[in-house]
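So the chains spell out like this:
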Amino acid sequence: MTETNGGPEEPQNTPKRVIGTPPPAETHTLLSEQDQAPAPATEGGLYELEERSAKRAERVVATFFLLTFVASIAFIAAYVFVGRDGGMHGIYRAREANYLLGAAMTVSFLALAIGVTIWVRRLMTAAPILQERHELESPQADRDQFAADFLEGAEASGITKRPLLRRTLLLAAAPLGLAPLVLLRDLGPLPEKKLRHTYWQEAVAAAQSKGKKGARLLVADTNRPLSTADFDSPGAMITVVPEGIESSPDAMSELAKASTILINVPVDLFKPLQGRENWHVGGVVAYSKICTHVGCPAALYEQTTHHILCPCHQSTFDATDGAKVIFGPAARSLPQLPITVDEEGYFVATSDYHEPVGPSFWERG
Amino acid sequence: MSTAAELPKAVEGPVKFIDDRLGSTTFFKRNIKKVFPDHWSFMLGEIALYSFIILLLTGTFLTLWFKPSMTEVIYHGSYHKLDGVKMSQAYESTLNITFDVRGGLLMRQIHHWAAILFVAALMAHMLRVFFTGAYRKPRELNWLIGLGLFTLALVEGLFGYSLPDDALSGAGLRITAGVIESIPLVGSYLMFFLFGGQYPGDAVIARFYALHILLIPGIILALVTAHMMIMWHQKHTSMPVRNQTNKAVYGYPFYPVFMAKTGAYFLFTFGVVALLATFAQINPIWLFGPYDPSGISAGSQPDFYMGFLEGSLRIMPNWETDLWGHTIPLNVLIPALVPLGLVMTGAALFPWVERWVTGDQRQHHVNDRPRNAPTRTAIGMAAVAFYGTLWLAGANDIIADRFDISLYATTWFFRFGIFLIPIIAFIITKRVCLGLQRSDSATMAHGYESGTIVMTPEGEFIEIHKPAPEDQKIVMTSKEEAKPALAAADDNGVPAPTSRGPLGHLRAKLHKFWTFDSIPVEEGHGHDHEIESGESHKELTGKGH
């Protein structure tokens, strides 16, 4: 109807476009087509509709509304149908349900939205109107009156002339405000030294009290001890955990600290750090798996370069050289776990890490 | 429409009932035809509002089955690939919602897509408000509320993302914990209090759940309400087009037009989110597996809105220092706090800084065109470039992989890019704005190129210029003349109080920086008429051959 009633959508007197020239400026406004509207009316006039085309528009809108009706029925039907055999169960039915329900829902919302939009644009006769913007600030008289009332109230309450009252009120309020903070104290235990050691300490102590050399390295997930014969191919990497960690009271949190990577570095390339000459077994070396940056598992090992890479922020450590940082945001080497081999040929750790594992924190220094 | 209008019984009854008790009809009378100016960009905020409503609806649905518990269970559900796997109850119940609750997967995916759309729409809306100067007096309060909403939306998203306790979200949680731990003095205490002990402990999911479904949405809802009420009270800003002035707003009445339009818009938003949720898989947690503190996958990425923090963590050099035996991990603190702090603080202060620099204390209801405030637009684009660079840096492993570039090269590129790219963006944007101003100025002075070419008797071809249409002139002349430099001294040579001292000098310098290259756009402004038309001839003949 916009063509006939000069409605807001269609720009008027469109000139012919000459091929190869930029579009004539009349056909596009710089900001909005909507605003290229007819003269404003403060009272809000109505557009005239041409009845034949209005009827057509009405039928189109009605079709979309009916589509929504059908789609909503289909949604309910799909729900009932998918659950017919007592629930949906499993990935295939879940996918099927997702397609059927989702498609019906989409059609139902979009058809209704399109219908209403056509209704607004083709059938609503309300014309744009002009409305005054009111001053936001209050009149000066009101401001003055408020100021007077405020001072009068303060005076009447006596708070201005009774300092004892005022000061004790402030004093009373201060601890009252702190009280809720105290209530939060039991959110968690204090860190104490918990971040400074890992489960390796307990495991080694338990093993050594039984007269063994140290705590065995168990392969993560299978929990089987690892012997030198099982781990003799150079370039191999595996995640190990201390024995007994499975049955510790807070196994998840212990794992989050004690996870260790065992790497078989070719012995001729391996450069043991000073004082750590006996911490490895023929190039087999154990480093903390917890990245010293923000604690992601540094789980990627590149055999050719002997680099350990943390996939979160790409801190890169050199496995041949005490896992020192060679790239990325991590500041410190991965802590090294001293390991050796026990009488039966299994890898064991002889002590805990000598420094805190994982991300830096204030008290670690 | 006058005194005799009679409402149908079904409407009359409730209206009278409420009015007798609240006197509400005066309010309704005043607001039923409230004018809403039209512009496509005004709908960005609506998308955010409607995504939030979708989030509330689908979120409520999900709470009916979700179990926010980290208690370990062995899975024996209908997803056979994870049969017998140890997992938390949170993860198990998410699997159940996905595979055993009809429509559960759809609701989960709608919830996740709506969350992404919510943050994206907030960003787009904020950029619209910034670039058109809609945050200016009297709307600074709504600008601040908006910034608060955006920050809360990020936190809300992060918490919600962590709830399913899958391997991917666990990596995000691990990083969150590591960042908290790095805070000087209180870091490890904060972490122990948040997680109820060591990471990951057994409390954090339940705590995040309470924050995610109650506290933060409650605050968001309250702020959204305040945002809407202030907007309603102050009336919407309008674009600088015909009929729109600082004194009056022009557009369609709330009832029936805007009401129907916005209703349809809600349905569009819901429909599109439903479409995405149906056909575009998101967060398939059953493929990631349950969280395991020693497991990780290459290519782990957070949701898009957290990407910039991820990027800043990645490109930071590995600085760490010791202070009296205490570790200060600058390699974590700086990237976690500085970029977000810079952007949010800058955005919050910007209305005041701009008012101080330009000395403009007036109320603005008609927006600026971005080109007409080149310095603001350029600062905004620099911020966008800063954010965008960090965001890309958050995907540097993907970039390195897809384009076969060395991973370290991408890191180095972003390490320099984070400083250079915003500066380049600032300069380019400013030049583009000024160029557009010049083009407006030329169009006002000489009209637009009509495409009609005539040959003069001398054989020269020229293109006829036609005066710009009235509507376009209104838009173009909406540019305000840049105000002259603030008076440094009065007539007697006494320095003005505002220009004294280092702050005064700074202000004068900034004012100059802000406005010195503004180009006047006026009707019939044709001081360089000859040169301009001569140029256009040349261009034309050059093209013609």
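Residues numbered from 1 in each chain as written. Chains lettered and ligands numbered in written order. Predicted model: local features only at pLDDT ≥ 70, side-chain atom pairs only at ≥ 80, totals over all residues.

Novice: Help me understand the overall build of chain A in this model?
Specialist: In terms of helices and strands, chain A carries seven helices and twelve strands. Looking at the 365 residues of chain A, the share that counts as buried comes to 35%. Nonlocal contacts in chain A, meaning residues at least 24 apart in sequence, comprise 57% of its contacts between residues at least 6 apart. (Helix = DSSP H or I, 4+ residues; strand = E, 2+ residues; numbered from the N terminus. Buried ≥ 20, exposed ≤ 12 C-beta atoms within 10 Å, placed from the backbone. Contact = placed C-beta atoms within 7 Å.)

Novice: Help me out: how do you make sense of the overall build of chain B in this one?
Specialist: Scanning chain B for helices and strands turns up 19 helices and eight strands. Once the C-alpha set of chain B is aligned to its principal axes, its extents read approximately 90 × 75 × 65 Å. Considering chain B as a whole, with its 545 residues, one finds that 41% of them fall into the buried category.

Novice: Help me understand the sheet that holds strand E8 (residues 316-318) of chain A in this model?
Specialist: Paired through their backbone hydrogen bonds, the strands of a sheet run either parallel or antiparallel. Residues and elements named next belong to chain A. Judged by pairing direction, the sheet is antiparallel, and its four strands sit side by side in the order E6-E7-E8-E9 without closing on themselves. Looking along the sheet, the strands with just one partner apiece sit at the ends: strand E6 (300-302) and strand E9 (324-327). In this sheet, neighbouring strand axes are inclined to one another by 35° on average, regardless of whether the strands run parallel or antiparallel. Pairing analysis gives three bridges linking E6 to strand E7 (residues 307-309), with the strands arranged antiparallel. (Pairing = 2+ DSSP bridges. Axes fitted to C-alpha atoms, helices over the stretch in contact; angles between N-to-C directions.)

Novice: Could you clarify how one ought to interpret the pairing of strand E1 (residues 129-132) of chain A in this entry?
Specialist: Working note: regular strand, side chains alternate between the two faces of the sheet. Of the two faces of E1 of chain A, only the one carrying Ile129 and Gln131 of chain A is buried; Leu130 and Glu132 of chain A on the other face are not. Inspection of the sheet shows E1 of chain A paired to strand E4 (residues 248-253) of chain B by four bridges, in the antiparallel sense. Counted as the bridge partner of Ile129 of chain A is Gly251 of chain B from E4 of chain B.

Novice: Which parts of the structure should I look at to understand the interface of chain B and chain A?
Specialist: Interfaces are often sized by the accessible area lost when the parts come together. On the chain A side, the residues contacting the 99 residues of chain B number 91 residues. The dominant element in the side of chain B that touches chain A, judged by the number of residues it contributes, is helix H10 (residues 254-279) of chain B, at 14 residues. Of the residues contributing to the side of chain B that touches chain A, the split by class is 49 nonpolar, 34 polar and 16 charged. (Nonpolar A, V, L, I, M, F, W, Y, C, P; charged D, E, K, R; others polar.)

Novice: Looking at this structure, how should I read the environment of Lys81 of chain B?
Specialist: All names here are of chain B. Note on placement: Lys81 falls in the loop between strand E2 (72-74) and strand E3 (86-88). The exposure class of Lys81 is exposed, given the 10 C-beta atoms found within 10 Å. Separated by 205 residues in sequence, Lys81 and Trp286 have C-alpha atoms that sit 8.9 Å apart.

Novice: Got a minute to help me understand the packing of helix H3 (residues 44-63) of chain B against helix H9 (residues 204-234) of chain B in this structure?
Specialist: Packed helix pairs are characterised by how far apart their axes lie and by the angle those axes make with each other. Residue and element names in this part refer to chain B. The N-to-C vectors of H3 and H9 enclose an angle of 155°; their axes lie 12 Å apart at closest approach. Overall, the two elements H3 and H9 adopt an arrangement that is roughly antiparallel. Crossing of H3 against H9: the hand is left-handed. Between H3, through Leu49, Phe52, Leu56, Gly59 and Thr63, and H9, the contact on the second element is made entirely by Ile213, Pro217, Ile220 and Val224. Tallied by class, the residues present in the contact of H3 with H9 amount to seven nonpolar, two polar and no charged. (Parallel < 35°, antiparallel > 145°, perpendicular 65-115°, else oblique. Left-handed = near helix turned anticlockwise from the far one by under 90°.)

Novice: Even after reading the chapter, I still don't get the nonpolar core, so can you show me in this structure?
Specialist: Generally speaking, a soluble globular protein has its nonpolar side chains buried in company with each other. Counting residues in each nonpolar core, the largest one holds 172 residues, and the members touching the most others are Phe118 and Val273 of chain B. Counting residues domain by domain, this core receives three or more from each of domain 1 (2-123) and domain 2 (197-364) of chain A. Dropping the residues within four chain positions of it, Phe118 of chain B is found in contact with Ala48, Ser51, Phe52, Leu55 and Ala153 of chain B. Counting eleven residues, the second largest nonpolar core, distinct from the first, contains Met239, Ala445, Val475 and Val521 of chain B. (Core = buried A, V, L, I, M, F, W, Y, C linked by C-beta atoms within 7 Å. Domains from an automatic or database assignment.)

Novice: Which parts of the structure should I look at to understand the pairing of strand E7 (residues 448-455) of chain B?
Specialist: Residue and element names in this part refer to chain B. Relative to strand E8 (residues 461-466), E7 runs antiparallel, the two sharing five bridges. Residue Val454 lies in a different strand from E8, and its bridge partner there is Ile462. Joining the antiparallel neighbours E7 and E8 is a turn of five residues, in which Gly459 adopts a positive phi near 95°.

Novice: What should I look at first to understand the sheet that holds E4 of chain B in this one?
Specialist: Read from one edge to the other, the open sheet built from three strands follows the order E1(A)-E4(B)-E1(B), with strand pairing classed as antiparallel. Edge positions in the sheet fall to E1 of chain A together with strand E1 (35-36) of chain B, since each has one partner strand and no second. Where H10 of chain B meets the sheet, its contacts fall on E1 and E4 of chain B, and the angle it forms with E4 of chain B comes to roughly 75°.

Novice: Looking at this structure, how should I read the environment of Val338 of chain B?
Specialist: Residues and elements named next belong to chain B. For Val338, the position within the fold is in helix H13 (residues 330-358). By C-beta crowding, Val338 is classed as partly exposed, having 13 other C-beta atoms within 10 Å. Considered as a pair, Val338 and Leu309 are 29 residues apart in the sequence and their alpha carbons are 9.9 Å apart.

Novice: Can you help me understand the environment of Ser182 of chain B in this one?
Specialist: The residue Ser182 of chain B is located in the loop between helix H7 (167-181) and helix H8 (187-195) in this model. Setting aside residues up to four positions removed in sequence, Ser182 of chain B forms contacts with Pro359, Ser360 and Phe361 of chain A together with Gly187, Pro329, Val332 and Leu333 of chain B.

Novice: Is there a simple way to think about helix H4 (residues 140-157) of chain A in this case?
Specialist: In an α-helix, one turn spans 3.6 residues; hence positions three or four apart end up facing the same way. Residue and element names in this part refer to chain A. Here H4 is 18 residues long and its end C-alpha atoms lie 26 Å apart, about the 26 Å a rise of 1.5 Å per residue gives. Across the 18 residues that make up H4, only a small minority, zero, are buried. Downstream of H4 by one or two residues, Gly158 has phi in the positive range, about 85°. (Expected span 1.5 Å × (residues − 1).)

Novice: What am I meant to see in the confidence of the model for chain B here?
Specialist: Interpreting fine coordinate detail is not advised for predicted regions of low pLDDT. All names here are of chain B. Residues of chain B with pLDDT of at least 70 account for 92%, and the chain-wide mean is 90. Contacts from residues 525-545, a stretch scored under 50 in pLDDT, to residues over four places away or in other chains number 17 contacts. Interface predicted TM-score (ipTM) for the complex: 0.88; the corresponding pTM is 0.89. (pLDDT = per-residue confidence, 0-100.)

Novice: Would you mind showing me how to read helix H7 (residues 251-258) of chain A here?
Specialist: Residues and elements named next belong to chain A. For H7, the tally of buried residues reaches six of eight residues, placing the bulk of the element in the interior. Residues of H7 that are buried: Ser253, Glu254, Leu255, Ala256, Lys257 and Ala258. Tucked inside the fold, the buried residues of H7 contact helix H6 (199-209), strand E3 (237-242) and strand E4 (260-264).

Novice: So what exactly am I meant to see when it comes to unusual backbone geometry here?
Specialist: Most peptide bonds take the trans configuration, and most residues that are not glycine carry a negative phi. That bond from Lys137 of chain B to Pro138 of chain B is cis: its omega, 10°, falls within 30 degrees of zero. Locating Pro138 of chain B in the fold gives a position in the loop between helix H5 (104-131) and helix H6 (140-162). The peptide bond linking Tyr199 of chain B to Pro200 of chain B adopts the cis configuration, its omega dihedral lying at -10°. Along the polypeptide, Pro200 of chain B turns up in the loop between H8 and H9. Notably, Asp221 of chain A is not glycine yet its phi reads approximately 80°, a positive angle. The topology assignment puts Asp221 of chain A in the loop between strand E2 (215-219) and E3. A tally of 11 C-beta atoms within 10 Å means that Asp221 of chain A is categorised as exposed. Despite not being glycine, Asp165 of chain B has its phi angle at roughly 60°, a positive value. The exposure class assigned to Asp165 of chain B is buried, which follows from the 26 C-beta atoms found within 10 Å.

Novice: I would appreciate a short explanation of the confidence of the model for chain A in the present structure.
Specialist: All names here are of chain A. In this model, chain A carries an average pLDDT of 85, and 85% of its residues clear a pLDDT of 70 or more. Per-element confidence in chain A is highest for strand E10 (residues 336-337), whose mean pLDDT is 96, and lowest for helix H1 (residues 2-5), whose mean pLDDT is 39. Across residues 1-15 the pLDDT falls below 50, and counting only partners more than four positions away or on other chains, this stretch makes 29 contacts in the model.

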